[in-house]
Amino acid sequence: MEAMATLTCNFRVLWFGSLITDLGNAMTLPFIVLYIQTLGDYSTTQLNFLGAAAFAVTYACKALVAPLWGRLADQKGRKLMCLRASGMMTLTILGVGLAPNVIVLLILRAAQGAFSGYINNANALISITVPAEQRGQWLSKLVTGSISGTLMGPLLGSLLANTVGYRGAFVATSSLMALVFVMTWWGVQEKVTAVSRATLPPLRPILHQLGGRFICALLPIGGGISQSLLLRLDYS
């Protein structure tokens, strides 16, 4: 009975954390290029490149560092990884909102990607704590949090940008992530069974499989997103 109560509490906190994490990631979609435009005098071509870089650098760093965080999660536990991700997302999103220039913005976006991983570790934590026969049911419910955040993010981002401005939208998102950090700290319980480093597979073959082609493939994705946003500038 106590185990089920702990599992239910963990699920509720991690569901909310997944919701806010993907909401925060998606909130910048409607206005990130418009925000970059306020940081300097850029041509349409430069904005297209910077918008692509702002998206691509986040996901490229996330892909590169994910194996390292996964390895550390096996040794130190998933709750710690959720705290690391939510804490750093709080700081990096706030930093982006206060960025004095686009260089600082890109560095912070890279750091946001490098220290991400809340949703992955939330899924892993629930997966290893629920009974095997109920695992699919619990995980399918958990994923609705991140999906809801992705759907709600652009709408909420547009509303915040129109009411409190671009910088205010980042500050509001950072505040929500700080709430996720506190809730995860106090509300999630985990019994860590550490895995010895010797039993873990080496990282180099995993990173080699990713390769440079995968990172380069992210650039057109970011470019497509920023190009669609720039069309709004051309016809506004």
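Per chain, the residues get numbers from 1 upward, laid out in the order the sequence is written. With the structure being a predicted model, the display of local features is reserved for residues of pLDDT at least 70 and the display and counting of side-chain atom pairs for 80 or more, all residues being used for whole-chain, interface and lining totals. Only hydrogens and water are set aside; all other atoms, that is, all heavy atoms of the structure, feed into the side-chain values.

Draft legend 1. Structural context of the overall build of the chain. Numbered from the N terminus, helices here are DSSP runs of H or I no shorter than four residues, and strands are runs of E no shorter than two. Of the regular secondary structure elements, the chain holds eight helices and zero strands. Listing each helix as α and each strand as β along the chain from the N terminus yields α-α-α-α-α-α-α-α. Across the 236 residues that make up the chain, the buried fraction comes to 42%. Surface summary for the chain: the accessible area is close to 12300 Å², and the carbon and sulfur share equals 67%. Exposed residues in this analysis have more than 50% of their type's maximum accessible area, buried residues have under 20%, and partly exposed residues fall in between, with area computed by a 1.4 Å probe over protein chains only. To measure how exposed things are, a 1.4 Å probe is used in the Shrake-Rupley method; for residues, cover is taken only from the protein chains shown.

Draft legend 2. Seen up close, the packing of aromatic side chains. Centres within 6.5 Å are what make two rings of Phe, Tyr or Trp a pair, Trp counting through its six-membered ring; a difference in plane orientation under 30 degrees is then read as stacked, over 60 as edge-to-face, and the rest as tilted. For the structure on display, the rule yields seven aromatic pairs. The interplanar angle of 85° and the centroid separation of 5.3 Å between the aromatic rings of Phe11 and Trp138 together place this pair among those described as edge-to-face. A residue pair is termed long-range when its members are at least 10 positions apart, and Phe11 in helix 1 (residues 2-27) and Trp138 in helix 7 (residues 135-187) qualify at 127 residues. Overall, the relative accessible area of 13% leaves Trp138 in the buried class. With a centroid separation of 5.6 Å and an interplanar angle of 75°, the aromatic rings of Phe31 and Phe170 are classed as edge-to-face.

Draft legend 3. Main features of the pattern of salt bridges. Salt bridge criterion: a side-chain nitrogen from Lys or Arg within 4 Å of a carboxyl oxygen from Asp or Glu. Following the criterion strictly, the structure yields one salt bridge and no others. Here Arg78 makes a salt bridge to Asp74, at a shortest N to O gap of 2.7 Å.

Draft legend 4. Region of the structure containing empty space enclosed by the protein. Only protein atoms enter the 1 Å grid used here, on which a cavity is any set of points holding a 1.4 Å probe that cannot leave and a pocket is any open set flanked by protein within 12 Å on both sides along at least five of seven lines; residues with an atom within 4 Å of a point are listed as lining. Grid points are joined across faces, edges and corners, and a volume is the space filled by probe spheres set on the points. The final tally for this structure, using the stated rule, is one cavity of 30 Å³ or more. When its volume is computed, the largest cavity comes out at roughly 50 Å³. Taken together, Gly24, Asn25, Thr28, Ile93, Arg109, Gln112 and Phe170 make up the lining of the largest cavity. Going through the elements one at a time, helix 1 and helix 5 (102-114) are the ones with two or more residues in the lining of the largest cavity. Class assignment of the residues belonging to the lining of the largest cavity gives a composition of two nonpolar, four polar and one charged. The residue classification treats Ala, Val, Leu, Ile, Met, Phe, Trp, Tyr, Cys and Pro as nonpolar and Asp, Glu, Lys and Arg as charged. All others, Gly included, are polar.

Draft legend 5. Quick look at the environment of Gly51. Structurally, Gly51 can be placed in helix 3 (residues 44-76). Residues Gly51 and Leu106, 55 residues apart in the sequence, show an inter-C-alpha distance of 9.7 Å.

Draft legend 6. A look at helix 4 (residues 78-97). Helix length check: helix 4 (20 residues) gives 28 Å between terminal C-alpha atoms against 28 Å at 1.5 Å per residue, within 8%. Counting buried residues along helix 4, 15 of its 20 residues qualify, which places the element largely inside the surrounding structure. Expected span, for any helix, means 1.5 Å times one less than how many residues it has.

Draft legend 7. Local environment of the layout of surface pockets. Looking at the second largest pocket, its volume works out to about 280 Å³. Together, Glu2, Ala3, Met4, Thr6, Leu7, Asn10, Ile128, Thr129, Pro131, Gln189, Glu190 and Lys191 line the second largest pocket. At the level of secondary structure, the elements contributing two or more residues to the lining of the second largest pocket comprise helix 1 and helix 6 (118-129). The dominant element in the lining of the second largest pocket, judged by the number of residues it contributes, is helix 1, at six residues. Looking at the lining of the second largest pocket, its residues break down into five nonpolar, four polar and three charged.

Draft legend 8. The arrangement of a nonpolar patch on the surface in detail. A surface patch of nonpolar side chains, about 380 Å² in accessible area, is lined by Val143, Ile147, Leu151 and Met152. As for its position among the elements, Leu151 is in helix 7. Grouping into patches uses exposed residues only, defined as over 30% relative accessible area, and leaves out salt-bridged ones; the cut-off is 9 Å for like charges and 5 Å for nonpolar side chains (Val, Leu, Ile, Met, Phe, Trp, Tyr).

Draft legend 9. Fine view of the packing of helix 6 against helix 7. Direction vectors running N to C along helix 6 and helix 7 enclose 155°, while the axes themselves pass 9 Å from each other. Between helix 6 and helix 7, the angle falls in the class roughly antiparallel. In this structure, helix 6 crosses over helix 7, and the sense of that crossing is right-handed. Side by side, helix 6 and helix 7 meet where Tyr118, Ile119, Ala122, Asn123, Ile126 and Ser127 of the first sit next to Arg135, Trp138, Leu139, Leu142, Ser146, Val180 and Thr184 of the second. For the contact of helix 6 with helix 7, the residue count by class is eight nonpolar, four polar and one charged. In this description, a line fitted to the C-alpha atoms serves as the axis of each element, helices being fitted only across the stretch in contact, and the angle between N-to-C directions of two axes falls anywhere from 0 to 180 degrees. The scheme is simple: roughly parallel for angles under 35 degrees, roughly antiparallel for over 145, roughly perpendicular for 65 to 115, oblique for anything else. Handedness of a crossing is defined here by the sense of rotation of the near helix relative to the far one, left-handed for an anticlockwise turn of less than a right angle and right-handed for a clockwise turn. By definition in these notes, contact holds between two residues if any of their heavy atoms fall within 4.5 Å.

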